[in-house]
Structure formats: structure tokens, C-alpha cells
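Examination of the molecular architecture
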Amino acid sequence: MKRQYLLFFSKILILLITFSFLDFRGKVFAQTQISGKVKDAKDEPVPGVSVLLKGTKIGATTDINGDFKLRTDSKQGVLVISSIGYTPQEININGQTQFVVRLIEDNKFLSEVVVTALGIKREEKSLGFAAQTIGANAIVDAKTNNWVNSLSGKVAGLNIQGTGAGPMGSSRITLRGESSLNLDNNQALIVVDGVPLSSKITGTGFSSHLSADSPVDYGSSVSDLNPDDIDNVTVLKGPGATALYGSRAAGGVIIITTKSGERKDGSLGITFNSNFNIEQVNRWPDYQFEYGEGRTSDYYSYLDSPDGINTSTTAAAGRAWGPKFSGQSYFQYDPNTPDNKPTARTPWVANKNYISDFFQTGHTISNSLSLDGGNEKGSARVSVTQMKNKWIIPNTGFERLNASLSVNQKLSPKLKISGRANYSNKKSDNLPMAGYNNQTLMYFLIIGPSPNLQASWYKPYWKPGLENVEQKNPFNPGPDNPYLAMYEMLNTMNKNGLVGSVSANYEISKKLDLMLRTGLDMSNEFRS
């Protein structure tokens, strides 16, 4: 009886194993093989692409020919295809077993492509030299009168030295330190859309009032560019990166690429930007408000008075070596009398704004309008920008008008032409003078005023009846009246500049292109 039970259970076990094996074979034979090829926009295979059945762990990777194979239990589902540098795609299977997938480049990864010497584009990881690219947002987020100053602190080894001599805000640009005693030779070469520019600061004293003693900052060609038209800036530091530009690039190269129409759907894009900045003196030195004008501490007298002889208008009397401010009264300057001679004593007090009143709050306003559009065969962009500056020194500032045009057209599958032009007009009724000379405001502020004076007392800068002949200088006769320098000793300018290029690119093969390009950098300027 026991043997019969064992035989019975053995037969049942054999049947269970048999059914399990048949069920396993059924599942195996029920699987479906899915295969395909992945290509890019140029119809070339893309290896290393991940192909995953959504919601499962079933997946595969494309081989060197872009082919993939995988098995699934169902003829339904979604394939998720992804690769670095391309936009992920999802494809419904719907019973299909063969697929051809074309990937589209992801714009997020375009920043990994660097524009090197002569406009050659290469992947950043493949470069054998130091290069760094700065996007447009870093330039326009905090605008200044000279967009170059916005690069300060964003690139290792890049040194931006501002002149601090006026609203133009010109800068000296150096990379990797100084290598020559000729300071002009140490500056980085500026290249805009393949056209080298002069980055020298113009007007450093050789055509302004009284020559080198009163330099005027007239700006530079690179500062004339409109920051709203800049797409990116690439800084090339190593000798290997700049060799193609020759000795001009001994101090490094800054490559500026301007914007172009990038729309592929045939639509028209309109962009309007408006920007308003306020400018003020950053900080003041520590001035003393304990002693007033004069050379003696016994008394003070503007011209001769009952208190004594004149202690105010004699040579160098403007220095603050006079009496201490202690609540006393003296015969002081009277702006309400014909000869400004005082008729009564007035309180001897310090004016805390005797320096700051010579300045004002400046502002800059800019408005930019651009239109761009295109399709698969071509694109175009046009922009106009107007900027107006009123600087912190009265009667100084400038205006700038920029216009740009960019056109790209694909004449055939292998031939592409493009053209870019950037026009600028910069003019000013007066730019401030700097330097160590009687005709500059800064020199006047060093030796001219004292804490008991007021800036408004200098504003009638001509003597009555001698207008345009003899200036009125009511106190220290050393430096000229500062308002005479600001309103009569003018440094005007009107500059027109054009930077442009035209190029043709012919694709000889998938890995070889022929490019022909010509460029232009010209300007004419009038100064007085």
C-alpha cells in the first residue's frame, strides 16, 4: 500500500514539472524581438544610445552602427530612446518590430561647443588649451556703459582695468599678465564675427584740451558694440589657441559672436528690451569739517573788512588753514551783492556738501528692438538700440545708436552664405577732462574749495560785463572756475563705426569644409 502511494505522488510530481516546462516554453516562444537603427540629423548612425521599454527593465544600447535589439512579451508599449546631447524620444510600438529613429540635437548642450580661432567650432572637451565661454545673460543682466566691464571676475586670468575718466568707461583688457614694456602690446586681441578690432583706448590726452595734462576718454571700438547683439564671448588664453592670429594675439584672444536668427519654423520673433540705470558717487574720502578757509586762525575776511585785510582770495588762500568752526561770525562771501563783498557778519559754519554739490545723480537709459525669423534654408535678424547717458559731472554724457543685421542663407545642400554688419554712432556734447591741470574738476577739488564754501557760489563763471572774456573766480585764483571748465571747455565728439563680414561655406565632405570670408572694420570720428 505504501509503494502505491509513492508511485501515485511520483506521477503527480512528473505531471507538474511537465506542465511547468510547457508553460515556460510557451512564454519563451511568445516573446517578440524588436530591432532598429538610430541616426542623427545628418543620417549618420549614433552609437551608445539607450533604448528602454518604458515601465520595465528591458532595454538595449545601440552598437557602433547604431543598431539595437531587444525582446518583449508584448507587442504593445513605449520605447524611450535617449542619449547625451540629444532630445529624448518616446515611440509607441503598436505591433511594429522594425524602427528607424532620428535624434534631434538638444540646444541645452550647444554651450559645450566652443568657437576657437578663425571661427572654427570644436567640442570643449576636445580642446588642448584653455578656453572659456560666457553666455549673453552674463553680459546683459547688469548693464554698464561699457559692456566689457561685465566680464570682470567671470574668467580666470582675465584682468579688466577701467580708466575711471568718464562715462565711456573704457577698459584695458589683459590676459595672463603683462609680457611687454609697451602696454599697448599686452592687450588681448578682440575678434568680432571673425573680424579683428582695435581695442586701444582712444583720446588719452593727445587731442583733448591742453593735451596730455587733461586726458579725455573717448571710448574704444569694442565698447561701441551693443551688448544686446552679443550671443556669447569666448576667451582663448593659451598660445596654441591664438597661434592662427599671429603676433597680434600674443596677449590672448577674446572672440565675440553676435546673434543671428535661429527660428526654423518660419515664424517671426520680436524682442524689446528697456534698461534704466542710476549712477552715483560710490563713496567719499573722509573730509575734515573742523577748520575753514584761510591762512591764519585769528580771523577770516572775504576781501578787506572791519575785521582785517583779505584772507580769502590771495594766492593759495583756499586751503583750509583758517579759523576753527566754533560758532563765531565773520565777513564772508555774499552772493547777493554786485561785487560779492559782505556787508555784515554771518555765522562761521561748515558745509558738509561742499564737495558733493559739484556732482549730480547720473542715469543711463537704453531701448532695444530686434526682429528675427527663419526656416530650414535661411534666417535673418535685425536690431536697433538707442542709449542715452547723463553722467555724474554736470553737462557731461553721451548718446549711442546701434544697428545690426545678420543674414544666413543655404543656397544648396552644400553651399551656405552669411553676412553680418554692426553699425554704431556715438556722439557727445561734452566729455569730462581728467588729469592734473587747472582745467579739470578733480584738480580743482584737491586745492580749490574749503568747508565754509558752497558750490553754487561758483556758478556765475563770467565776470559781469566781461562774458566770454574773463572768468569769475571768487576764491583761490589757482585753478580755473570748475563750471567754466564744465560748460565752456568742451570736448565734443561724433563717431561713426562699421564692423561687418561676409562669408561663404562649402561642404566638400562630411568632415571637410571650405570657408571664404572677408571683413571690414572702419570708423570716422570728429572731435573738438
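Residues numbered from 1 in each chain as written. Predicted model: local features only at pLDDT ≥ 70, side-chain atom pairs only at ≥ 80, totals over all residues. Heavy atoms only, no water.

**What to know about the packing of aromatic side chains**
For clarity, the cut-off: The pairing test for Phe, Tyr and Trp rings, Trp by its six-membered ring, is centres within 6.5 Å, and the orientation test on the planes gives stacked under 30 degrees, edge-to-face over 60, and tilted for anything in between. Put simply, DSSP marks the helices as runs of H or I at least four residues long and the strands as runs of E at least two long, and each gets a number from the N terminus on. Residue exposure (1.4 Å probe, protein chains only): buried if accessible area is under 20% of the type maximum, exposed if over 50%, otherwise partly exposed. Two thresholds decide whether a charge sits over a ring: the Lys NZ or Arg CZ must be within 6 Å of the ring centre and within 35 degrees of the ring normal.
Within this structure, the stated rule accounts for 18 aromatic pairs. On the numbers, 5.2 Å between centres and 45 degrees between planes, the contact of Tyr333 with Phe475 is tilted. Placement of Tyr333 in the loop between β18 (329-331) and β19 (345-347) and of Phe475 in the loop between α4 (441-447) and α5 (482-487) is noted, with a sequence separation of 142 residues between them. Just as Tyr333 is buried, Phe475 falls in that class too. Through a chain of ring-to-ring contacts, the aromatic side chains of Tyr302, Tyr333, Phe358, Phe444, Trp457, Tyr458, Phe475, Tyr483 and Tyr487 assemble into a single cluster. The side chain of Lys352 reaches across the aromatic face of Phe289, ending 5.3 Å from its centre.

**Looking at the pattern of salt bridges**
Convention followed: The salt bridge definition used is simple: a Lys or Arg side-chain nitrogen within 4 Å of an Asp or Glu carboxyl oxygen.
Summed over all chains, the structure comprises 12 salt bridges. Lys495 is paired through a salt bridge with Asp224; the nearest N and O atoms lie 3.1 Å apart. Taken as a pair, Lys495 in strand β24 (residues 493-509) and Asp224 in the loop between β14 (195-197) and β15 (230-236) lie far apart in primary sequence, 271 residues in all. The exposure class assigned to Lys495 is buried, which follows from its relative accessible area of 6%. In this structure, the salt-bridge partner of Lys324 is Glu290, at a minimum N-O distance of 3.2 Å.

**With respect to the environment of Leu484**
Convention followed: When checking whether two residues touch, look at their non-hydrogen atoms; a contact exists if any pair is within 4.5 Å.
If you trace the backbone, Leu484 turns up in helix α5. When the C-alpha positions of Leu484 and Tyr458 are compared, they lie 8.9 Å apart, and in sequence the two are 26 residues distant. Setting aside anything within four residues of it in sequence, one finds Leu484 in contact with Tyr461, Trp462, Gln471 and Met489.

**Some remarks on the sheet that holds strand β4 (residues 67-72)**
Stated formally: DSSP calls a pair of strands paired once it identifies at least 2 bridges connecting them. Inter-axis angles, ranging from 0 to 180 degrees, are taken between N-to-C directions of lines fitted to C-alpha atoms, where helices are fitted over the stretch in contact.
If you trace the three strands from one edge of the open sheet to the other, you get β4-β1-β7, paired in mixed fashion. Each end of this open sheet is capped by a strand with a single partner; those strands are β4 and β7 (98-102). For this sheet, the mean inter-axis angle between neighbouring strands, taken without regard to orientation, is 25 degrees.

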